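Observations on the three-dimensional arrangement
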Amino acid sequence: MEETKNSPPIQGVVIITLPPPDNPSYGKTITAFTLSDSPTHQQQEEEEPPQQSQPHNQDLNTGVLRASLERSFFFRPKIVFGLLGISLIALSFWSSLTQETVFELRDVEHDHKSSNSSFILPLYPKRGGAWNSRTDDEIKLGRFVDFKPDIFMDQEKIAKSLSAATKLDSSVNFPVRGNIHSEGLYYTCMRVGNPPRPYFLDIDTGSDLMWIQCDAPCTSCAKGAHPLYKPRNVNMIPPKNPYCVEVQENLKSKYCDNCHQCDYEIEYADRSSSVGVLAKDELQLVLANGTRTKRSVVFGCAYDQQGTLLNTLASTDGILGLSRAPISLPSQLASHGLINNVIGHCLRTDTNGGYLFLGNDFVPQWRMSWVSMLNNPFPNLYQAQLMKMNYGGKELRLGSTSYGQGTVVFDSGSTYTYFTDQAYKALISMLEEISSEDLIKDASDTTLPICWRAKFPVRSIEEVRQFFKPLNLQFGSKWRIVSTKLWILAEGFLTISEKGNVCLGILDGSNVHDGSAIILGDISLRGQLFVYDNVNQKIGWIRSNCERPEKVPSPPFF
């Protein structure tokens, strides 16, 4: 409709933007503008210094514009700073109310800020129930060592096996078998080869190399969940390869020109070991947006396992090394430019698995607690400097460490948590006070060194939580105000035995490595998202139910 001569001039415009129908949580946006019919005068006003007085014969509409701006609270500093302070307080309060972690799932396909991608892998527990056997006492922290003569494989025998393997039908596939035994730890599924075949691998942030049990031929292998990986000659990594130089760094005898493969041996903290050769094959990965991609990666073809590995591999096929070493899978994918070198895992407390992601697209940066990574004494492990540790309100001395500072290693390859000798003895002494008519020690239960019997069979830790206090690990500073804290509740250090007793899942780590570090295993890593950011050299955590990634709501007032 055309404007009549008697119509009043437009003084302002209000624009209301409604949220999209599929996501009303964005809220509506209201934008107001005050208009002027004299753009020339308005332009002159903007160009003049703010201190200069305005002429008395200024255009009426321009005066309305200035008066409306002066009345606006955005031009009153006291109100602006007051509102900002209230917003920050409300933001902090809103953040503290929410215990569970949610995630902002950015569309990888349309994210122009980074050319890298991210992968989410589901995790599965290797047991049907709670930790219930001392045979589950498993700790990895693998390191490459020199070879033992009695298990060194004959080179000619391997060459013949590799030649024969090329004649096998590579299209043969077997169905995934269910888990029969309960060995502890968490695993995921990786698809390797062409065509890709599934393999179940234990996730281990304390080990460098990803390896799969391999028919090369196999000297000592466990049953496993799938048929052994069969390498071909083209899969073998030569001794001069940089990855071979890395894994043979501790060898007393250097590589030989006559060798056609790269041999290695890994020894774990629980005295088990794995011997094999390095191979290279395609690894199939699925992006967060469902896109599939393949990359050639180097991994171990393991043909000789000794010790507890033969028990724990009854339902899996190998180990997925996630450490900081260049040969670890995350480091290799990052070197290809496929991901940023960031790893995150979230283990559920109810033994129903969790998830693992590679890449930085699923890190809730603004709500996590962060500490700096240490590069010593174990350069490839995820470790941080511990300043103080309390059980309840009582301090646990860390042992013979410099300036009262200790080291914490985050190890998803260990079932339980290990304390230094002095910290462990101090904790045991403090736990003596919980003995009562309701909860007494049961020496007949040998599941773990210390177990308690209640008046009733314990079905969940919540039923006995009131008898125990949380652990508080302080990083960065001894002063509570400026330190970064990791709280481990009773569910993070207690487990239930087959007898219905509650047992302490913290063990004496005097004989683990040099006994100077506190090692947080799966029992203490559950119920929280842990992120290892190798790009920025920091470790972060936040409480989570670890069920599934969800979108993060936008912070209020931002």
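Residue positions are counted from 1 within each chain, in the order its sequence is given. This being a predicted model, a pLDDT of at least 70 is required before a residue's local features are given, and a value of 80 or more before pairs of side-chain atoms are given or counted; all residues contribute to the totals for chains, interfaces and linings. Side-chain descriptors were evaluated using all non-hydrogen atoms of the structure, hydrogens and water having been removed beforehand.

Put simply, the test is: UniProt positions are given in the numbering used here, feature names are shortened, and annotations may be inferred rather than shown by experiment.
The protein chain has the name Peptidase A1 domain-containing protein in an unreviewed UniProt entry, where Solanum verrucosum is given as its organism. Turning to the protein chain, the UniProt annotation filed under Sequence similarities (unreviewed entry) states: "Belongs to the peptidase A1 family."

What about the packing of aromatic side chains?
How we decide: We call Phe, Tyr and Trp rings a pair once their centres come within 6.5 Å, taking the six-membered ring for Trp, and we label the pair stacked below 30 degrees between planes, edge-to-face above 60, and tilted otherwise. Only DSSP runs of H or I with at least four residues qualify as helices, and only runs of E with at least two residues qualify as strands; both kinds are numbered from the N terminus onward. Burial classes follow relative accessibility: with a 1.4 Å probe on protein chains only, a residue under 20% of its type's maximum area counts as buried, one over 50% as exposed, and anything between as partly exposed.
One pass over the full model with this rule turns up 13 aromatic pairs. Ring plane angle 55 degrees and centroid distance 5.4 Å describe the contact between Phe 475 and Trp 541, whose orientation is recorded as tilted. Residue Phe 475 is located in strand β21 (residues 471–475), and its partner Trp 541 is located in strand β28 (residues 538–543); the two are separated by 66 residues in the primary sequence. The two residues Phe 475 and Trp 541 agree in class, both being buried. Ring geometry for Phe 530 against Trp 541: centres 6.4 Å apart, planes inclined by 45 degrees, an arrangement best described as tilted. Pair noted here: Phe 530 is in strand β27 (residues 528–533) and Trp 541 is in strand β28, with a separation of 11 residues, a long-range link. Judged by its relative accessible area of 0%, Phe 530 falls in the buried class. Following the ring pairs from residue to residue traces out a cluster consisting of Tyr 382, Phe 410, Phe 475, Phe 530, Tyr 532 and Trp 541.

Considerations on the sheet that holds strand β19 (residues 439–441)
Just so we agree on the cut-off: Note: two strands are recorded as paired if DSSP finds a minimum of 2 bridges between them. Orientation is described by axes fitted as lines to C-alpha atoms, over the contacting stretch for helices, and by angles from 0 to 180 degrees between their N-to-C directions.
As summarised here, the arrangement of the four strands in space is β19-β20-β24-β23, forming an open sheet in which the pairing is antiparallel. Here the strands that pair on one side only, and so sit at the sheet edges, are β19 and β23 (494–496). On average, each strand axis in the sheet is inclined to that of its neighbour by 35 degrees, with strand direction left out of account. Bridging between β19 and strand β20 (residues 451–454) involves three bridges; their strand directions are antiparallel. From the neighbouring strand, Lys 441 faces β20, where its bridge partner is Trp 452.

Quick look at the confidence of the model for the protein chain
Operational definition: pLDDT is a per-residue confidence score from the predictor, ranging from 0 to 100. Two residues qualify as a contact provided that any one of their heavy atoms is within 4.5 Å of a heavy atom in the partner residue.
Of the residues in the protein chain, 63% have a pLDDT of 70 or more, and the chain-wide mean is 74. This model gives residues 92–115 a pLDDT under 50, and the stretch forms 52 contacts once residues within four places in sequence are excluded. Below pLDDT 50 for its whole length, residues 128–136 participates in 30 contacts with residues either more than four positions away or in separate chains.

Quick look at the pairing of strand β15 (residues 383–391)
The buried fraction of β15 amounts to eight of the nine residues, a majority that puts the element mostly inside the structure. For β15 and β21, the ladder comprises five bridges, and the chain directions are antiparallel. Across the sheet, Leu 386 pairs through a bridge with Phe 475, a residue of β21. Both β15 and strand β16 (residues 394–395) contribute to a ladder of two bridges, which runs antiparallel. Bridging from a neighbouring strand, Asn 390 pairs with Glu 395 of β16. Between β15 and β16, which pair antiparallel one after the other, the connecting turn spans two residues, and Gly 392 there sits at a positive phi close to 65 degrees.

Thoughts on the pattern of salt bridges
The condition that has to hold: Salt bridge, as applied in this entry: a Lys or Arg side-chain nitrogen positioned within 4 Å of an Asp or Glu carboxyl oxygen.
Counted under the stated rule, the structure contains 11 salt bridges. Between Glu 433 and Lys 394 there is a salt bridge, with its nearest N and O atoms 3.4 Å apart. One end of the pair, Glu 433, is in the loop between α8 (421–431) and β19; the other, Lys 394, is in strand β16, with 39 residues separating them in the sequence. The residue Lys 425 makes a salt bridge to Asp 421 at a minimum N-O spacing of 3.4 Å.

Things to note about the environment of Leu 381
Mapping Leu 381 onto the fold places it in the loop between β14 (369–372) and β15. The class for Leu 381 is buried, based on a relative accessible area of 7%. Once the C-alpha coordinates of Leu 381 and Ser 207 are considered, the two residues, 174 residues apart in sequence, prove to be 7.9 Å apart.

Some details on α8
Selection rule: Think of the arc as the fan of directions from the helix axis to the C-beta atoms.
Along α8, the residues classified as buried are Ala 423, Tyr 424, Leu 427, Ile 428, Met 430 and Leu 431. Across the axial projection of α8, the buried residues extend over an arc of 160 degrees, all falling on one side. Summarising the geometry of α8, the exposed residues directed more than 90 degrees from the buried face are Lys 425 and Ser 429. Buried residues in α8 make contact with β15, β16, β18 (417–419), β20, β24 (502–504) and β25 (506–508).

Structural notes on the UniProt feature "active site" (unreviewed entry) in the protein chain
Stated formally: Two N or O atoms count as a polar contact when they lie within 3.5 Å, although within protein this holds only if one can serve as hydrogen donor and the other as acceptor, and sequence-adjacent residues are included solely when both atoms are side-chain atoms.
If you check UniProt for "active site" (unreviewed entry), the listed places come out as Asp 204 and Asp 411 in our numbering. For the annotated residues, spread through 208 residues, the largest C-alpha to C-alpha distance comes to 6.6 Å, consistent with a single compact locus. Tracing the sequence through the fold places Asp 204 in strand β6 (residues 197–204). Owing to a relative accessible area of 1%, Asp 204 belongs among the buried residues under this scheme. Tracing the backbone through its elements, the reader meets Asp 411 in the loop between β17 (406–410) and β18. Polar contacts involving the side chain of Asp 411 include one to the side chain of Ser 414, which spans 2.3 Å.

A short note on the state of the cysteines
Short version of the rule: When the sulfur atoms of two cysteines come within 2.5 Å, that pair is taken as a disulfide.
Scanning the entire structure with this criterion turns up five disulfides. Here Cys 214 pairs with Cys 301 through a disulfide, and the sulfurs are 1.6 Å apart. The disulfide joining Cys 214 to Cys 301 has a torsion of about -45 degrees about its S-S bond and is therefore left-handed. Here Cys 214 is found in the loop between β7 (211–213) and α5 (242–247), whereas its partner Cys 301 is found in strand β10 (residues 292–306), with 87 residues between them in sequence. We classify Cys 301 as buried; its relative accessible area is 0%. One disulfide in the model links Cys 346 with Cys 546; its S-S distance is 2.1 Å. Handedness of the Cys 346-Cys 546 disulfide follows from its S-S torsion of about -70 degrees: it is left-handed. You can see Cys 346 sitting in strand β12 (residues 342–347) and its partner Cys 546 sitting in the segment after β28, a full 200 residues away along the chain. Each of the two residues, Cys 346 as well as Cys 546, counts as buried.

Here's the deal with the pairing of strand β9 (residues 273–286)
The element β9 is extensively covered by neighbouring structure, given that 11 of its 14 residues are classed as buried. Relative to β9, strand β5 (residues 186–192) runs antiparallel, the two sharing two bridges. Bridge pairing in β9 places Val 192 opposite Leu 283. In this sheet, β9 lies alongside strand β8 (residues 263–267) in antiparallel orientation, the contact comprising five bridges. The partner of Glu 265 across the bridge, within β9, is Val 275. Hairpin remark: β8 followed by β9, antiparallel, with five residues in the connecting loop; positive phi at Arg 271, about 75 degrees. Counted along the chain from β9 to the antiparallel partner β10, the turn is five residues long, and its residue Gly 290 has a positive phi close to 95 degrees.

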